Amino acid sequence: MTSALNLGAALPEIFLAVAGMALLMYGVFRKGDTTTSVGWMTVIAFIVAAIFVVTGETNQLVFGGSFITDSFSAFAKVLILAGGAFTLIMALQWLKAEKIARFEFCIIMLFATTGMLMMASANDLISFYLGLELQSLSAYVIAAFNRDNLRSTEAGLKYFVLGAVASGLLLYGMSMLYGFTGTTTFAGIAEVIGAGHAGTGVLVGLVFILAGLSFKVSAAPFHMWTPDVYEGAPTPVTAFFAIAPKVAALALMARVLMGPFYEMADQWQQVVWLVAALSMFIGGFAAITQTNIKRLMAYSSIGHVGYALIGLAVADEQGVRGMLIYLAIYLFMNVGTFAVILSMRFKGRATEQISDLSGLSKTHPVMALWLAIFMFSMAGIPPLAGFFGKLYVFLAAVQAELYGLAVIGVLTSVVAAFYYLRIIKVMYFDEPVEAFDRPSRATSAILGICGLFVTLFIVYPAPILAAASAAAASLFQMPG
Amino acid sequence: MGNGTLETAAPTEARSRNRFRDGGRWMGFASAVPPALVAAWLLSLLPRVSEGRPVLWAVDWAPTLGVSLAFRIDGLALLFGLLVSGIGVVIMLYAGSYLKGHVHLGRFFLYMTAFMFSMLGLVLADDAVALFVFWELTTVTSFLLIGFTHTDPKSRRNALQALLLTGGGGLALLAGLLLMGLESGTLRLSAMDPVLIQGSALLPGIIVLVLLGCFTKSAQFPFHFWLPNAMSAPTPVSAYLHSATMVKAGIYLLARLSPTLGGDPLWVWSLTVAGALTAVIGAAWALRQTDLKQMLAWTTVMALGALTLLLAGSAPISLAAAMTFLVVHALYKATLFMVVGILDHEAGTRERDKLAGLARAMPLTAAAAVLAAFSMGGFPPFLGFIGKELKYEGALALVAAPGVAAFGLVLASAGMVAVAGMIAIDPFFGRQRKSVSARPHDPPKSMLAGPLLLAGLGLAFGLAPGVISGPLVQPAVTSVLGGPATVKLALWHGINLPLVLSIATFTLGVLFYIFRTPVVAGLNAFVGRLPMTGERAYDGWLAGLKALAAWQTRILQGGHLRVYMATTLGAVVALTLFTLFWADALALPAAGSPSLSILGVTVAVTAAAGAAIVVTTRSRLAAIGALGIVGTAVAVLFLMHGAVDVATTQFLVETLVVVLLAAALVRLPRLTQTPRRNRRARLRDGILSVGAGLTVTLVMLAVLAEPFDRRVTDFFEAAAWPEAFGRNIVNVILVDFRALDTFGEIAVVAVAGMGAYALLKGGMAVPKQPIESLILRTATRGLAALLAVFAVFMLLRGHNDPGGGFIAGLIAATGFTLLALAHGVGLARQALGGAPRIVALSGLGIALLSGLAGALAGGAPFEGLWLFLGGDPAAGDKGIPLSTVLVFDIGVFLVVVGSVLAIVFGLEEEA
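Everything numeric here is computed off the predicted structure, so don't read it as measured data. For every chain, the first residue of the written sequence is number 1, and numbering continues from 1 along that sequence. Here chains are named by letter from A upward and ligands by number from 1 upward, in the order in which they appear as written. In keeping with the predicted nature of the model, local features appear solely for residues at pLDDT of at least 70, side-chain atom pairs appear and are counted solely at 80 or more, and the whole-chain, interface and lining totals rest on all residues. With hydrogens and water set aside, each side-chain value is computed from the structure's full complement of heavy atoms.

1. A short note on the overall build of chain A
No. 1: In this description a helix means any DSSP run of H or I spanning at least four residues, a strand means any run of E spanning at least two, and both kinds are numbered starting from the N terminus. Regarding its fold elements, chain A presents 19 helices and four strands.
No. 2: Both definitions apply: the radius of gyration is a C-alpha atom measure, and the globule rule equals 2.2 Å times residues to the power 0.38. Taking 23 Å as the expected radius of gyration for a compact globule of 480 residues, we find that chain A reaches 21 Å, a close match to that expectation.
No. 3: When the backbone C-alpha atoms are referred to their principal axes, chain A occupies close to 65 × 55 × 40 Å.
No. 4: In this scheme, a residue with accessible area under 20% of its type's maximum is buried, one over 50% is exposed, and one in between is partly exposed, where area comes from a 1.4 Å probe on protein chains only. When burial is assessed residue by residue, chain A has 69% of its 480 residues classed as buried.
No. 5: Residue contacts follow a heavy-atom distance rule, with two residues in contact if any of their heavy atoms lie within 4.5 Å. For chain A, the share of sequence-separated contacts (at least 6 apart) that also reach a separation of at least 24 residues comes to 82%.
No. 6: In this description, accessible areas are obtained by the Shrake-Rupley approach with a 1.4 Å probe, and a residue is regarded as covered only by the protein chains that are shown. A total accessible area of about 14,600 Å² is found for chain A, and carbon and sulfur atoms account for 66% of it.
No. 7: Positive: Lys, Arg. Negative: Asp, Glu. His and the chain ends are not part of the count. By convention, charge coordinates are those of NZ in Lys, CZ in Arg, CG in Asp, or CD in Glu. Between the mean site of the 24 positive side-chain charges and the mean site of the 24 negative ones, chain A shows a separation of 12 Å.

2. Some points on the overall build of chain B
No. 1: A tally of helices and strands in chain B yields 35 helices and four strands.
No. 2: Within the span of chain B, comprising 911 residues, buried residues form 53% of the whole.
No. 3: A separation threshold of at least 6 residues defines the contact pool for chain B, and within that pool the share at least 24 residues apart is 77%.
No. 4: Put simply, chain B shows about 38,600 Å² of open surface, and 69% of that area lies on carbon and sulfur atoms.

3. Looking at the environment of Gly753(B)
Residue and element names in this part refer to chain B.
No. 1: Within the secondary structure layout, glycine 753 lies in helix α30 (residues 739–761).
No. 2: Along the sequence, glycine 753 and phenylalanine 132 sit 621 residues apart, while their C-alpha atoms lie 60 Å from each other.
No. 3: The residues contacting glycine 753, other than those within four sequence positions of it, are Ser899, Ala902 and Ile903.

4. Remarks on the pattern of salt bridges
Residue and element names in this part refer to chain A.
No. 1: Whenever Lys or Arg places a side-chain nitrogen within 4 Å of a carboxyl oxygen from Asp or Glu, that contact is recorded as a salt bridge. Summed over the entire model, instances satisfying the criterion amount to 14 salt bridges over all chains.
No. 2: Put simply, glutamate 231 and arginine 151 hold a salt bridge, and the shortest N to O gap is 3.2 Å. Of the two residues, glutamate 231 is situated in helix α9 (residues 225–232) and arginine 151 in helix α6 (residues 150–181); the sequence distance between them amounts to 80 residues.
No. 3: Under the relative-accessibility criterion, glutamate 231 is labelled buried at 18%.
No. 4: Look at arginine 151 and you get partly exposed, because its relative accessible area is 37%.

5. A short note on a nonpolar patch on the surface
No. 1: Patch membership requires over 30% relative accessible area and the absence of a salt bridge. Like charges are linked within 9 Å, and nonpolar side chains (Val, Leu, Ile, Met, Phe, Trp, Tyr) within 5 Å. Among the surface-exposed residues, Phe638(B), Val646(B), Val730(B), Leu734(B) and Phe806(B) lie close enough to one another that they form a single nonpolar patch of about 350 Å² accessible area.
No. 2: Here Val646(B) falls in the partly exposed class, since its relative accessible area comes to 37%.

6. So, the interface of chain A and chain B
No. 1: Contacts between the two partners involve 77 residues from chain A, matched on the other side by 64 residues from chain B.
No. 2: Looking only at chain A, the three residues that lose the most surface to chain B are Met224(A), Phe418(A) and Phe429(A), adding up to 11% of its buried area.
No. 3: Put simply, chain A and chain B have zero salt bridges between them.
No. 4: Under the rule applied, a polar contact is a pair of N or O atoms within 3.5 Å (in protein, one hydrogen donor and one hydrogen acceptor; residues adjacent in sequence only if both atoms are side-chain atoms). Counting the contacts that link chain A with chain B gives one residue pair in polar contact (both at pLDDT 80 or more).
No. 5: At the level of elements, α6, α8 (200–216), α9, α11 (265–285), α12 (293–314), α16 (385–399), α17 (403–429) and α19 (462–475) of chain A are the ones that each hand at least two residues to the side of chain A that touches chain B.
No. 6: Examining the composition of the side of chain A that touches chain B, we find that 13 residues originate from one element, α17(A), more than from any other. Summed over both partners, the accessible area lost on bringing two parts together, with a 1.4 Å probe, is the buried area.

7. Focus on the side chain of Thr568(B)
No. 1: Relative to the helices and strands, Thr568(B) resides in helix α23 (residues 561–582).
No. 2: On the basis of relative accessible area, Thr568(B) is assigned to the buried category, the value being 4%.
No. 3: When neighbours within four sequence positions are excluded, Thr568(B) is seen to be in contact with Leu162(A), Phe222(A) and Met224(A).

All we've got here are geometric facts, nothing functional implied.
Here is the structure:
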C-alpha cells in the first residue's frame, strides 16, 4: 500500500460508484416512482463517465500497478458505456410497459457497468477478479429481475449456478498462477514468464482462466447458459448482456493474453483457435431452427464472439485492432437490432416470435428497412459496417497465416447468413399479420442512430479505425 | 407472373383509375436517362481505350488497410460497361410499360438503378475489396429484384436460394482476392504480379476460392440450378440479369483474373470441365421446359457454360470467341426475354403448348423474335453465326481436351437451334389456340423498340462485324490476354473444321426440333433416373443443416442445468488435456516420489468413500453429511502439509456449511419420489467424473514434476517476524501486510450478511420450533460456552500460532448456531447480547479505527502500531505485545460472528 494513490486515473470508476450510491439513496428516500428520473440520471452518469474516460490521463499505472489506463482501456470503456446507456434508455420504456419498473434496475446496471470498466483497466489478478465479480453478481440479479416470471427466475438461477462454476474455474486458475509465479500483477507474471520460468502450473492456470473468461463472453463450448438466459431474461437485459459484458470480458482477455502471457502465445493460441472455431460453428449452425428471436440473437452473439476471438487467436497488433473494430461495429448492429426487438409489441403485449415480424415492411417500413440493414450487416454483406468488421479480423488471420480459422469463419458466415436473411425474407416477403404498436420516441431515435452508423461507416470509417489502431498499439507497449 | 401485378395494356386503360396510370412510362423514361448518360460517356472513351490507354481514377478509402476506391477502364471493362449501360437503357424503357400500374413501381426502379450502378462499379473497379463490395451489392439488389413479386411462396424461396448461393460464393471470393493481395502485396487488380501469384504455395487455394465465387455467381455446374429458379423475377429483371449483368459478373471476373491465374492446370481443367458440363446440361434442360421463360433461363446456363469453357484457354482465338459470344448472347437474350414478356402480357400465358399463330396479331413482336432466334441458333449472316464459328475454333484451340470441348459445344449448340425454333416458330406460326386470352396485339412502342433494336443489331453486326471487332472485342481480348492481340471477325472463313461442325450443328438441331416430343420424353426419363441433382443436393444440404441445428437444441441445449454443467466440465477437462498435450507438458515427477504414508492413504480413502456416498445415497441429509466427510478429509491433508491455519479454516467452514445446509434442508418438503436417472445419463456422468479425476491427477503429477516456486513463502517467512512481529504467516498477511484488502473483504462479508438477513426476514419474523432432541439440548449449553472461550483463545494467539480473528469468528459462530438450533433463536440472541447486525457493524468500525490509528500516528493507513509491556530486550523477550493489529483482528472476529449469525438467525426465523 505504498505506491501513490493517483485517484484521478480511476476517476470514471470512482465517479460511477459514488453516483450509484447517491442515486440509490435518492431512489430510496424519494417518494413515488423514481425509475424514470433515476434512469435518466444514470444515463447522464454514463455520459459523464465517458467524458472522464476520453479526457482523462492515459498511460497511468496506479494502485500498485493493479489498475492501468491506456488507449486500449479507454476504447473499451467508451464502448461499454455506450452499450450501457443505449440499453438503459430502451429499458426504461420497456420496463414500464411490462409493469416491472423499479429504480433498482438502473442502479444494478450502473454497478455492473462499473465492474466492466474495472475489467477494462485491470492489470492484476485481484483487480481482474474484483471487476469481473462486480459485473457478474449484478448480472445475475438483473437476469432474474422479472421475478414473478418463471422463465426470468429460471434464467437467473441457471446463470448464477453456471457463473459460479466459471468463477470457481477462474479462481482455481489464478491461485495456480499465484503459486507458480509468486505474484498477482500482470507485469510480475510477464517477468516470470519472460525469464523462462513458465511451467506446467502456469499453463494449467492459464487454461482455467481462459475457460472462465470464455464463459463470460459466452464462447463455445462454455456457451450453454446463453440461449436460455437470453431467452428468459427481460429483453433489455438480454440486449445489455449481448453487448457490454462481452466487450469488457474480451478486452480483459486481450489484456491478459497480450500482456503477461504474450511470451506463451504458441501455447495458448491453440486454445483460442479452438474456442473461436467452435463459437463460430455453434453460432452459425444452431440458430437455424430457432423461432424465438431472442434465442436467435443468443446464437448470433456466440457466433460474433467467435469472429472477435479470431483477432485474439492471431496474437498480434493487427488482430487486436480487428477485434476492437469488430466490437465497435457489433455494438451498433446489436443495439439497433434490439431496438426493433423491444418494439415488438401487439397492443401492449410483448412478443418474441420471428414469425410475428411477417410483413413488417408493409406495416412499419422504416423499422423493417433498418432491421434489414442490421441483418445484412450481421451477415457480413458489404457495404455495411458488419462486412468491415469481418474483413479486418479475416485480414489479420490471413496475414498471420491462420488460414484454417479464416476459412471456417467464411464458411460459418455463409451458414449464419441463412438465418439473418430468413428474417429479411419474413419481413419483406411474407404477408403481414398485425401491426406492432408505435415504438417509443427514444427507441426510434436509437434505432436511427445505429442504422445510420451501420450504413454510413463505409463513408467515413477513419475515426473508428484510428482509435482502434491507437488502442491496439497501446496494448503492446507496457508503460513504465 | 402473378396475375394481380400486371395490367393488360390499352383495352383496360380506360377503366384504370390508378394514379400510376401514366407514371410507369414516365418513370421508365426517367430511369433510362442515367444509363444512357453512362453509355454515352463510355462510348466517348472508346477511342482512347482501344488505343491501349486505360482510364484510371482512385481515391483513398480505408488507407490503414490499403483499400482504395480505384476504377480502371480498359478494354474488358469498357465492353462490359457498355453492355450493362446500353442494355440498361432498353430494359428501363421496356419496364416502364411492362410494369405500368404496379403499386411498387417507384421501389422497382430504385432497385433496378441501384443494381445497375453496382454492376457498373463491379466491372469498372480496380481494387479487389471495392470489386467485392460491388459484387455483393449486385447480389443484394438482385435479391430484392428476384423477390419483387413476393406473393408467390416459391418466389420467396428462390430469392433466398439465389442470395445464399451467390452471397456464400462471394465470401469465398473475398478470401481468394485477399490471399491474392497478400501474395502480391497490392490489392490493385491491375498491379498484381502474375509471377508472384503463380509462384505462391497458396495458388491452389486461391484458385478454388475465386472459382467458388465465379461459379456460384455465373451458375456453373454444380451451382447452376439457382439461375432458372430465379425466374420468378419480373420479366424485365430476368432480361437484364441474364443478358448483360449479374450472371455475367462471374464471367467478367474469370476474364479479369485470367492473366493472373490462367494457365495453371487446376484453373484450366476446372473451367473446361465445369463449362462443358454446364453447357450441355443447360441445353438439355432447356429442351425439357414448357414455360418459355424457364426455357430461356436454361439457355442462359448453356451460354454461361460455353463462355467459361472458352475462358479456360489462353489462346487469343478462344478469348476472342468468348468476347464475341458475350455480345451475341447479350443481344439475343435480352430480346427474347422481352418478347416472352410481351407474350405473357398480351396472351396471358408463357406456356409453350398454349401459344401458336400469333404472328398475324403481333407481327412486329414476331419479327423481333425471329431475328433474335436466328442469331441464337447461329444462322448466317447474323452475329450469332460468327460467334458460333469462333466458338468452335476457340474450343479446338483449348489446352485441355479440345475434342471433347468442341463435341460438347456442338451438342449444346444443336440444342440451341432446337430451342430457337421452339421460341420463334411455335408461338407465332401455325393455328392460334383458343386458350389464349382476349385479343392479343403488338404492345406500345416503348416495349417494342428495345427488342427490335437489339435484334436488329444482331443482324447489323453480323453483316458488318468490323464495327465491333476493332474497337470493342480486340481491346477486351487484349485485356484478358494481358498482351496485344489482333481480332478480325468475318462471316466467311472458308471451308474448315468449324464450318463442318456448324453444318453438323444445324442438322442435329433441326432434327432435335422436328423430333422434339420424343427427345424431350427421353430427356425427362433420363433426368428422373439421376441419383442427384444440384437442386436436390441443395435441399438435402438445407435439411441436413436444420437437422443438425435441431439435434443441437435437443441434446445439448435442452434446458437441463445438469447437461450444461456436464458440458462445461467436460470442456474444461478436454481443453486442459488438449493444452497439456499440445505443449508437451505431460510429465511424471522424478523418481523418489514421496512414499505413501498410512495416514495419507487413510485420508484419501476416507475422501473417496465420502464422495462415493454422496453419489449413491438417496437421502439429502446423508449426502450433505458425506460431503462434509470429503471436506474434512481435505482439511486433514492440509494439516499433514503443515498448513494448520488453512486446515482449521477448512474444518470450520465445512462444519458450518453442513450445519447450515442441514438446517435449510430439514425445512424443505420431502421429495415424494427420488429422481431416478437412466443408465445412459449415469454412464455419461460416470465417464465425465472419471475423466475429470484423471485429468486433475495428471495435472498434479505434471505440476509436481517441476520445482515449486517458493519465493512468496520465503518472503513472508523472512519478513513476518521482523516487520510484523508475528510467526503465523497467514494471519500476518491478513492483518498486517494486506490489512486494507482484509478490511475490504470483511466489509463485503458484513454487507452480504445483512443483505441475506434482509432478504430472509422478508416481512414478519416467526421463530420456528427448535429441533426436538434432549441430547442436543443438554449438550449444546456446555458446548456453546466452551466454544466461546475457545474462540477468544484462538483470537488472541492468532498472530504467532494457528488461529486469528477469522477462525475464531467461525468457532464462535458455530457455537451460537448450535444454540439457536437446539434452544431457539431467542436464547441465542440473548446470549449474543445484541443484534447480529450491530455486532458485525461494530466489528467493521473497530477494524476501521485500528487502521486509522496507524495513519494518525504518521504511518500508512493500516500500518500496525506496537506497544510492548515489561519486556526484557536482553533476553530477546519483548514482553506482552499490545497492538492495533490485535484490535484489527478483533474487528474481523466480530464481523464474522455477526454476519454468519445474521444469516443463521434469518434462516431460522424465515417466514
